Amino acid sequence: RGVHDRLTLLNDNPDLQLKFTNWIRANLKGLDSYKVQEYLNDNPDLQLKFTNWIRANLKGLDSYKVQEYLNNDLLPNIVEDRTHLADIYKKYQLVHPVPRSTAVRWMLDVGCSFDTTACNYYTDNHEKPETVYYRKTKYLPQEFGPDSYRMFAWIQLTASEYEEVNAAHKDSDGKGRDLPCYKYTDAAGATMYEVHLDESEAFDEWRSKQEFGGKMSVRAPAGARPLDRVGQDECAFCHNITSSRRWTILGQSVPVPKSSAGTLMVSCFQSMIWGCGLPMTQAQLDAANEARQGQHYLATDSAETLCKIQNKPPTTLKRHLAESPGIVFFDVGAAREGYWTADHMALQLEDFVDCYRVVYPDFDLEIELDHSSGHAKKKADGLDASQGKMNRKFAGKASIKHNSKITHAEGFLGPHLAVRSVPERQETVELDAAVPLGCTYAHVAGGEWGALDLNEVHSGGQVEAAGVRVGWTISAVGDVPVETDEQFAAAFEAVKSAGGEGPTPFKLSFTVKREDVKLRVGDTQSFVFGEDDLPPVFHPHADKHDKTVTKRQKKGKTGGPKKGKTGHLVMGPIPWAAAEAAGVADAGAAGVEAAGTVGADGFEDVEKTVDGYVGAPKGIEDVLFETGWLDPKVTYTLEAKVVDGVEDTSKSLRHILSRRYDFVHETTFMADLVQRLGCFLRMSPKCHPELAGQGIEYTNGKAKHYFRKHNDYNIKTMEARVKEAFGPANISVARVRKFARKARSYKCAYFSTELGGEARLDFSDIERFTVTCKTHRCTLDQDYKFIRDS
């Protein structure tokens, strides 16, 4: 009754309602939400901590969890002296414990919103610095570089033809921009204009009558082979997928299964020349099979792996093809054909290249892939610092990596020394006695040496400079042996006095005990310990070779005492020096020896193998130490630490190694295979499906749109409907060219913004998707209307 009276009073008195509204606006500063914002503004560190906590706990986040965090963690710790909490609560009109409504207001004030969950993949890496750098320095220059002149994607127009097309283009452009062109003079002296076919739809009819969909550029080198850029991608179809909206009548609709009983994976190649799936006649297919007969796959491991999965005898012979490998349909599931991997992609790629060279023998082939896990897979011996590929310490189940030659310093070599104890050896160097005692002598003997400070003669010295050898004991001056600093000084002065006025060279002998073993430019780093290598720097007392030890453990017990934790990096600054000085043995071996001291009844002797370092893969810490990336004053961890929701990678061993030049530029398994096949490979930028594979993502989107519209939810006819979705009636050559044009328009937008080229699409069109769609993973979300109407 009271609520009704209040509402009626306000509705019947608009002047009163306006007065009440204005009063609220004028007194917002006194409301609780303002006090919350005022408190956050006065404490930016606290606001940042609260924001980072939310970011780190977004999965499953709700206001109850935030309320608990505020009451139990954040607010009680805002001051060291908790007796002052009451004063803070009073100043900002805070209630403790904080109610859930206040927790919600705090969330809103730091930028949270409660949105509808969307079935897509959101990533904020679209404008990540390394992604932008790759897009700007590699991808776009390749796209618009000289190789594009070898493509059948151009048309040459006379001046009158160009003016006619350009007038129509300016009318439809909306901004009155001219049609981008290349102006030149032909052999007859006439003015000509060359235009890319993707610049205007007016060329589509002419294009459909050309054998290869266009002409090569007049700027292509004479006699150059034509280039075909081919895109590839995979997509999955579930048998119960349907449109997001559907008709019902009186609440009744067709039931849709809740779970997916079948999934079909489609791996497809496409080109502006021949469309989708590399259409082949039976004669062409027979010729390809004949040419392949008796040949072996280059990806031998992939061939044998798939034979094993399919319970077939292992073989690397190329299989007989019953249809074009330009498009492959794969029944996903453990009880079906398994799961699509890089091995499947490798064999399809080889099959595709063989068939392509039968159909288009005069073309060079360039294949564009995205950065999916299958395409970016490392080689079996590739440089890969990810989990499971390299361990922190030596040995273990890590894979063997190929050697890496250090071609230059930047990116390969770190700023620190790699000083460690070495077996003692005698060195002799010839010096100039004319230089007074106390000066620093620079010398070279058998390679690059550093500086020898004669102020610290007998006991040895420490040189803090990159590329030096340190740790010596002087044993003789000329032929005079010395044992103390006084003997050295006397012998040195005697040599100087004997020289008269001119400089007198003399030999200085000393013993090297510690040395900078940092690799240098031109050296080759091995990722396996050799027979002549020093032991692992963090396990200096590890055995050289595997050995079998006997330990005692309780009868019937499996395993036994666990090895102690290795990795002396957690011991604090200069852990390897401390370990050497203390004579710390390898923790694993120490654990084994301790187990052997048990002598109670009921125990038995058990043999166990202790790993030696020779022939074992190096650990991440050894690899980084050898190239100067470890600061002896810093304590490192294997993985990155997360502090208040922010990942700190500066002290992560795995992250530091993964950013080393040779690891960043390591050739992937697919890139190596494409190169061996005599083709070219391009990788589209990460998180950029709108650019990928000559518009392949739009093809997948169109096929899915068709499948949803014609889905009868019958798993028995699912493959036929998917094939129909990719058939020429739905995915025609003209439609593929339209998709490629759309992808190129985005490339032009990036090119104009980042490299100063001409654009058909404004960069604001790209930003629109970043702001509104929050996705760069699904072109069906980005350009739904374009795909639907194409």
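Scroll up for the structure.
In this report, we go over the structure that sits alongside the text. (Residues numbered from 1 in each chain as written. Predicted model: local features only at pLDDT ≥ 70, side-chain atom pairs only at ≥ 80, totals over all residues. Heavy atoms only, no water.)

**Describing the nonpolar core**
Thought 1: Ranked by size, the top nonpolar core spans 37 residues in total, and within it Trp274, Leu349, Phe352 and Tyr360 carry the most contacts.
Thought 2: If you tally residues by element for this core, the top one is helix H13 (residues 342–359), at 9 residues.
Thought 3: Once you skip the residues sitting within four places of it in the chain, Leu349 turns out to touch Phe269, Ile367, Met670, Leu673, Val674 and Leu677. (Core = buried A, V, L, I, M, F, W, Y, C linked by side-chain atoms within 4.5 Å. Buried < 20%, exposed > 50% of the residue type's maximum accessible area, 1.4 Å probe, protein only. Helix = DSSP H or I, 4+ residues; strand = E, 2+ residues; numbered from the N terminus. Contact = heavy atoms within 4.5 Å.)

**Some details on the pattern of salt bridges**
Thought 1: Applying the stated rule across the entire model yields 28 salt bridges.
Thought 2: As a salt-bridge pair, Glu143 and Arg682 come within 3.0 Å of each other at their nearest N and O atoms. Here Glu143, found in helix H8 (residues 129–143), pairs with Arg682, found in strand S21 (residues 680–683); they are 539 residues apart in sequence, far enough to count as distant. Exposure class is identical for Glu143 and Arg682. Each is buried.
Thought 3: Here Asp354 makes a salt bridge to Arg292, at a shortest N to O gap of 2.8 Å. Here Arg292 lies in helix H11 (residues 282–292) and Asp354 lies in helix H13, a separation of 62 residues in the sequence. (Salt bridge = Lys/Arg side-chain N within 4 Å of Asp/Glu carboxyl O.)

**Here's the deal with the sheet that holds strand S3 (residues 191–196)**
Thought 1: Reading across the sheet, the 3 strands line up as S1-S3-S2 and stay open at both edges, with antiparallel pairing between neighbours. If you trace the sheet from one side to the other, it starts and ends with strand S1 (154–158) and strand S2 (182–185), each paired once. Between one strand axis and the next, the sheet turns by 30° as a mean value, whatever way the strands run. (Pairing = 2+ DSSP bridges. Axes fitted to C-alpha atoms, helices over the stretch in contact; angles between N-to-C directions.)

**Remarks on the packing of H13 against helix H20 (residues 669–676)**
Thought 1: Close contact between H13 and H20 brings their axes to 11 Å; oriented N to C, the two are set at 15°. Our classification of the angle between H13 and H20 gives roughly parallel. Helix-helix and strand crossings are classified by hand; for H13 and H20 the assignment is right-handed. Contacts between H13 and H20 pair Ala342, Met345, Ala346, Leu349 and Glu350 from the former with Phe669, Met670, Leu673 and Val674 from the latter. (Parallel < 35°, antiparallel > 145°, perpendicular 65-115°, else oblique. Left-handed = near helix turned anticlockwise from the far one by under 90°.)

**Details of the packing of aromatic side chains**
Thought 1: Counting across every chain of the model gives 24 aromatic pairs.
Thought 2: Between Phe152 and Phe363 the ring centres are 5.6 Å apart and the planes differ by 40°, which places this aromatic pair in the tilted class. Here Phe152, found in the loop between H8 and S1, pairs with Phe363, found in the loop between H13 and strand S8 (364–369); they are 211 residues apart in sequence, far enough to count as distant.
Thought 3: Ring pairing ties together the aromatic residues Phe152, Phe212, Phe269, Trp274, Phe352, Tyr356, Tyr360 and Phe363, which thus form one cluster.
Thought 4: Taking NZ or CZ as reference, Lys618 lies 5.5 Å from the ring centre of Phe529, over its face. (Phe/Tyr/Trp six-rings, centres within 6.5 Å; stacked < 30°, edge-to-face > 60°. Lys NZ or Arg CZ within 6 Å of the ring centre and 35° of its normal.)

**Observations regarding H11**
Thought 1: Turning to H11, its buried residues are Leu285, Ala288, Asn289 and Arg292. Buried residues in H11, looked at end-on, bunch into an arc of 95°, giving them a common side. In H11, the exposed positions that point more than 90 degrees away from the buried face belong to Ala283 and Glu290.
Thought 2: Elements that come into contact with the buried residues of H11 comprise H13.
Thought 3: Of the residues flanking the end of H11, it is Gly294, one or two places downstream, whose phi is positive at about 80°. (Arc of directions from axis to C-beta.)

**Describing the pairing of S8**
Thought 1: Judged by how many residues are buried, S8 sits mostly within the fold: 6 of 6 residues are covered.
Thought 2: The alternating pattern of S8 places Asp364, Glu366 and Glu368 on one face and Leu365, Ile367 and Leu369 on the opposite face, and all of these are buried.
Thought 3: Of the pairings in the sheet, the one linking strand S4 (residues 227–238) to S8 comprises 5 bridges and is parallel in character. Within S8, the position partnered with Leu227 by the bridge is Asp364.

The values reported here are purely geometric and, on their own, carry no functional implication.
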